[in-house]
Amino acid sequence: MNAPHASGYAETYARWQADPEGFWAQAAQAVEWIKPPKAIFDATQGAYGRWFPDASCNTCFNALDRHVRDGRGAQPALIHDSPLTGTKAAFSYAEMLDEVATLAAVLQDLGVGRGDRVILYMPMIPEAAFAMLACARIGAVHSVVFGGFAAKELATRIDDATPKLILTATCGIEPSRVVEYKPLLDAAIDLAQHKPQHCLVLQRPQADASMHVTRDRNWRTLTAAAKAAGRKAECVEVAATDPLYVLYTSGTTGRPKGVVRDNGGHMVALKWTMDNLYDVKPGEVMFTASDVGWVVGHSYIVYGPLLQGATTVLYEGKPVGTPDPGAFWRVIAEHKAVALFTAPTAFRAIRKEDPQAKHLAGHDLSHFRALFLAGERADPDTLKWAEEVLKVPVIDHWWQTETGSCIVGNPIGLELLPVKPGSPTVPLPGYDVQCLDEGGRPAPAGTMGAIVVKLPLPPCALPTLWQDEARFRESYLTAFPGYYNTSDAGFIDADGYVFIMGRTDDIINVAGHRLSTGGMEEVLASHPAVAECAVVGIKDALKGEQPCGFVVLKSGVTQSPAEIERELVALVRDRIGPVAAFKLALTVNRLPKTRSGKILRATMKKIADGEDYAMPATIEDPAVLGEIGLALKGRGLG
Ligand code: COA
Ligand code: AMP
């Protein structure tokens, strides 16, 4: 590709291109290993090779112990700021190490050891981060499940990960309600085939929970007893290639994909990004407004800032309404964050409520250096608004749960490249990003195609899917041999800037949350009145996209369509969870199909979005499209 600049970025990228192993060997020196890597990459292992195949390490040691040893013990490691409960708390590195080592001892007492899986179903409280690190400390593999998922989704993950232990709290807190976790967890365990040996339950003051006599254990009681007995777990040596965590993400069906992250490569790549992409130095404060249930939360609420010896802000609140659209500015000012990382949807929400950014007044943001946006396309309007009001660089960057860190970004730690609104800028070292046409040939500059990455993937990117190598190969490596298929479509311009325009599969992005329309269709189809259905993501001014379900009812159904539509909305909320934000079910007489029976979802989406569309040549009956348009008009859409 054409590198856009001949200074810091271009030189660094060229250095990686010339010698990828040398590049990562050097980056690996920032990590403290137990057995340092002699081999950097082994192309013969795994689906495309493995990084640091002979090294051993402990991620928790690098995130906590080494900083305490090196004199950062008194520095805040984590600040919990919770407008939803009206509380704030700070934990120094020494305090956090104490909490984590104690909890890790409790996990060991409950029989958890190296390689065992532990599911975390936790809200945005410090104990969520302690639990992740406690697992890392003893070589257990954590799998965090986002609190907005329903019992059935949790059950699917329990069956796939087969955890020995589940860690939870009695509730999460949303502005409108207290979300009681324990009934959801109990229901999930009932639904699942696999049963964990124990659940460790943290009682929060906002909700009590009844405890299962033999299965459940009280978090505070056990950690208090361990503290009183001076019990602490030491760091366990693990292979660099051992999994640190499994994080489930939406696939094209209702069955999520268990993305595996290894210990060694993850540390090396995250450390590199803290310096070169985010430019957050040891001792500085990073505020990532996401959730520990998402990859952004894993990488930049927990691991990235702590590996760097920085301070992380764990924020239990929303961008608006807790209490106002100045919430982020208050947090940045109060905790002196140098960087904020969030999803564009949060900025659309703030702008909608405070277009003049009046709530900025009175907050001192003089130390604030950059805003980072990811999770969905940063629309140029929102990006420009953020630049105007914050007067700092606004960095769109593109990545996926699968990669664990950025693929295409603007590496301000190296140099700030000129921003082209709508583009996350350029590929970072490790990523040879290409745009291919349907035949797998390079697409000309500026022409839309499939965005792919030449193998091997760099350290941190997934080596496989949890216990499903065949699905890994089929999902990512088969469509374009020799390349990782990102399932994003876009183009690369003549300057080498990458533009990511949308997914090529059935994944939609609602408020920065990745959701499967296939999964929603499975739920709709399970309703006894539904003959067939199609779910598409349609444009939404705030959330980017929202799901819209078109359903055809079985003949002879006597219930009113309005009643069925209400039941369908409730069913998706019950089976997938509130995070699906499924509010729109539309009854239609027929679905538009090709003559071979394929539902024309892309055309339906265009009609709903009010966009021009070409009549598909293979359509069975063009009149159906008019019917879809009318149904949408009836709801003020299209
Ligand atoms: N536990 C339980 N329920 C949750 C939840 C959680 N952790 N997170 C969200 N929900 C619920 C919400 O309460 C909402 O429920 P409702 O239908 O009863 O209102 C539903 O899930 C949808 O949530 P969301 O899509 O987040 O919409 P919202 O209206 O609550 O908030 C924004 C909209 C833009 C303020 C919010 O999405 C936001 O802050 N986004 C920031 C970006 C972000 O975190 N992205 C993650 C990847 S970086
Ligand atoms: P997730 O795995 O939840 O992080 O979602 C990854 C998907 O979100 C990507 O495949 C993209 O479709 C989308 N995405 C994330 N960041 C961006 C971005 N900066 N620009 C465009 N799309 C993005």
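Just so it is clear, the model here is predicted, and its values are computed rather than measured.

Analysis parameters
- Residues numbered from 1 in each chain as written.
- Chains lettered and ligands numbered in written order.
- Predicted model: local features only at pLDDT ≥ 70, side-chain atom pairs only at ≥ 80, totals over all residues.
- Heavy atoms only, no water.
- Helix = DSSP H or I, 4+ residues; strand = E, 2+ residues; numbered from the N terminus.
- Rg over C-alpha atoms; globule rule 2.2 N^0.38 Å.
- Buried < 20%, exposed > 50% of the residue type's maximum accessible area, 1.4 Å probe, protein only.
- Contact = heavy atoms within 4.5 Å.
- Areas by Shrake-Rupley, 256 points an atom, 1.4 Å probe, with all protein chains shown as cover.
- Lys, Arg positive; Asp, Glu negative; His and termini not counted.
- Charge placed at Lys NZ, Arg CZ, Asp CG, Glu CD.
- Axes fitted to C-alpha atoms, helices over the stretch in contact; angles between N-to-C directions.
- Parallel < 35°, antiparallel > 145°, perpendicular 65-115°, else oblique.
- Nonpolar A, V, L, I, M, F, W, Y, C, P; charged D, E, K, R; others polar.
- UniProt positions renumbered as here; feature names shortened; annotations may be inferred.
- 1 Å grid on protein atoms, 1.4 Å probe; cavity = no way out; pocket = protein on both sides within 12 Å on 5 of 7 lines; lining within 4 Å.
- Points joined across faces, edges and corners; volume = space filled by probe spheres on them.
- Near = heavy atom within 4 Å.
- Polar contact = N/O pair within 3.5 Å; in protein donor to acceptor, adjacent residues only side chain to side chain.
- Pairing = 2+ DSSP bridges.
- Right-handed = clockwise from strand over helix to strand, strands pointing away.

Chemist: Explanation requested: the overall build of the protein in the structure shown.
Modeler: When helices and strands are counted, the protein shows 18 helices and 31 strands. Scaling as 2.2 N^0.38, a compact globule of 638 residues should have a C-alpha radius of gyration of about 26 Å, and the protein matches this with 24 Å. Projecting the C-alpha coordinates of the protein onto the three principal axes gives extents of approximately 70 × 65 × 55 Å. The buried share of the protein, reckoned over its 638 residues, is 60%. When contacts within the protein are restricted to residue pairs at least 6 apart in sequence, long-range pairs at least 24 apart make up 70% of them. By element, 52% of the accessible surface of the protein is carried by carbon and sulfur atoms, the whole surface being about 23400 Å². Between the mean site of the 63 positive side-chain charges and the mean site of the 72 negative ones, the protein shows a separation of 2 Å.

Chemist: What is the right way to read the packing of helix H4 (residues 93–109) against helix H8 (residues 219–228) from this model?
Modeler: Helix packing geometry: the angle between the two helix axes and the distance between the axes. Look at H4 against H8: their axes get within 9 Å of each other, and the N-to-C directions meet at 105 degrees. With respect to their mutual orientation, H4 and H8 come out roughly perpendicular. Across the interface between the two elements, Asp98, Glu99, Thr102, Leu103 and Val106 of H4 pack against Trp219, Leu222, Thr223, Ala226 and Lys227 of H8. Taken together, the residues of the contact of H4 with H8 sort by class into 5 nonpolar, 2 polar and 3 charged.

Chemist: In this structure, what is going on with the UniProt feature "domain: AMP-binding enzyme C-terminal" (unreviewed entry) in the protein? I would like to understand it.
Modeler: What UniProt calls "domain: AMP-binding enzyme C-terminal" (unreviewed entry) maps, in this numbering, to residues 520–598. Between the C-alpha atoms that bound residues 520–598 the distance is 18 Å, and the span itself is 27% helix and 32% strand.

Chemist: Explain empty space enclosed by the protein here, please?
Modeler: If a probe as big as a water molecule is rolled over the atoms, it shows which places are left empty. For the structure shown, the criterion picks out 6 cavities of 30 Å³ or more. Contributing to the lining of the largest cavity are 15 residues, with Glu153, Ser250, Gly254, Ser516 and Ile576 lying nearest its centre. Contributing elements (two or more residues each) for the lining of the largest cavity: helix H6 (151–161), strand S28 (513–516) and helix H15 (517–525). Tallied by class, the residues present in the lining of the largest cavity amount to 5 nonpolar, 7 polar and 3 charged.

Chemist: Could you clarify how one ought to interpret the UniProt feature "domain: Acetyl-coenzyme A synthetase N-terminal" (unreviewed entry) in the protein in this entry?
Modeler: The sites that carry the UniProt feature "domain: Acetyl-coenzyme A synthetase N-terminal" (unreviewed entry) are, in the present numbering, residues 9–63. Summarising residues 9–63: 42% helix, 11% strand, and an end-to-end C-alpha distance of 27 Å.

Chemist: Can you walk me through the site of ligand 1 in this structure?
Modeler: Close to ligand 1 lie 23 residues; Glu174, Pro319, Lys543, Arg573 and Lys583 are nearest. Within the side chain of Arg573, an N or O atom sits 2.9 Å from an oxygen atom of ligand 1. A distance of 3.1 Å separates an oxygen atom of ligand 1 from a polar side-chain atom of Lys583. Taken by itself ligand 1 offers 930 Å² of open surface, and the protein chains cover 84% of this. Of all the elements in the fold, those that place two or more residues in the shell around ligand 1 are strand S10 (177–180) and helix H12 (344–353). In terms of residue class, the shell around ligand 1 is made up of 11 nonpolar, 6 polar and 6 charged.

Chemist: How should the pairing of strand S17 (residues 311–315) be read in this particular structure?
Modeler: Consecutive side chains of a regular strand alternate in pointing toward one face of the sheet and then the other. With 5 of 5 residues buried, S17 is to be regarded as a mostly interior element. Residues Thr311, Val313 and Tyr315 line one face of S17 and the alternating positions Thr312 and Leu314 line the opposite face, and both faces are buried. By the bridge criterion, 4 bridges tie strand S4 (residues 76–82) to S17 in an arrangement that is parallel. Bridging across to S17, Leu78 finds its partner in Thr312. Bridge count between strand S16 (residues 285–288) and S17: 3 bridges; the pairing is parallel. Its bridge partner lying in S17, Phe287 is registered against Val313. Viewed along the sheet, the connection from S16 through helix H10 (residues 295–307) into S17 turns out right-handed.

Chemist: Sorry if this is basic, but what is going on with the environment of Arg590 here?
Modeler: Following the sequence through the fold, Arg590 ends up in the loop between strand S31 (584–587) and helix H17 (601–608). A relative accessible area of 34% places Arg590 in the partly exposed class. For the pair Arg590 and Val624, spaced 34 residues apart in sequence, the C-alpha separation works out to 6.6 Å. Contact partners of Arg590, with chain neighbours within four places excluded, come to Val552, Asp621, Ala623, Val624, Glu627 and Ile628. Engagement of the side chain of Arg590 in a polar contact is seen with the side chain of Glu627, the distance being 2.5 Å.

Chemist: Can you walk me through unusual backbone geometry in this structure?
Modeler: Excluding glycine, residues mostly carry a negative phi; peptide bonds, for their part, are mostly trans. In this structure, Pro323 follows Thr322 across a cis peptide bond, with omega equal to 0 degrees. Its location among the elements puts Pro323 in the loop between S17 and helix H11 (327–335). Across the junction of Leu455 and Pro456, the peptide omega takes the value 5 degrees, indicating a cis bond. Of note, Pro456 is situated in the loop between strand S24 (449–454) and helix H14 (469–477). Unusually for a residue other than glycine, Lys391 sits at a positive phi of about 55 degrees. Turning to its location among the elements, Lys391 is positioned in the loop between helix H13 (380–390) and strand S20 (394–396). Here the phi dihedral of Ala581 falls at roughly 50 degrees; this positive angle occurs in a residue that is not glycine.

Chemist: Sorry if this is basic, but what is going on with the side chain of Arg50 here?
Modeler: Structurally, Arg50 can be placed in strand S2 (residues 50–51). Here the side chain of Arg50 touches Thr241 through a polar contact of 3.1 Å, landing on its backbone oxygen. When near neighbours in sequence (up to four residues on either side) are disregarded, Arg50 contacts Ile40, Phe41, Asp42, Gln45, Thr241, Asp262 and Pro463.

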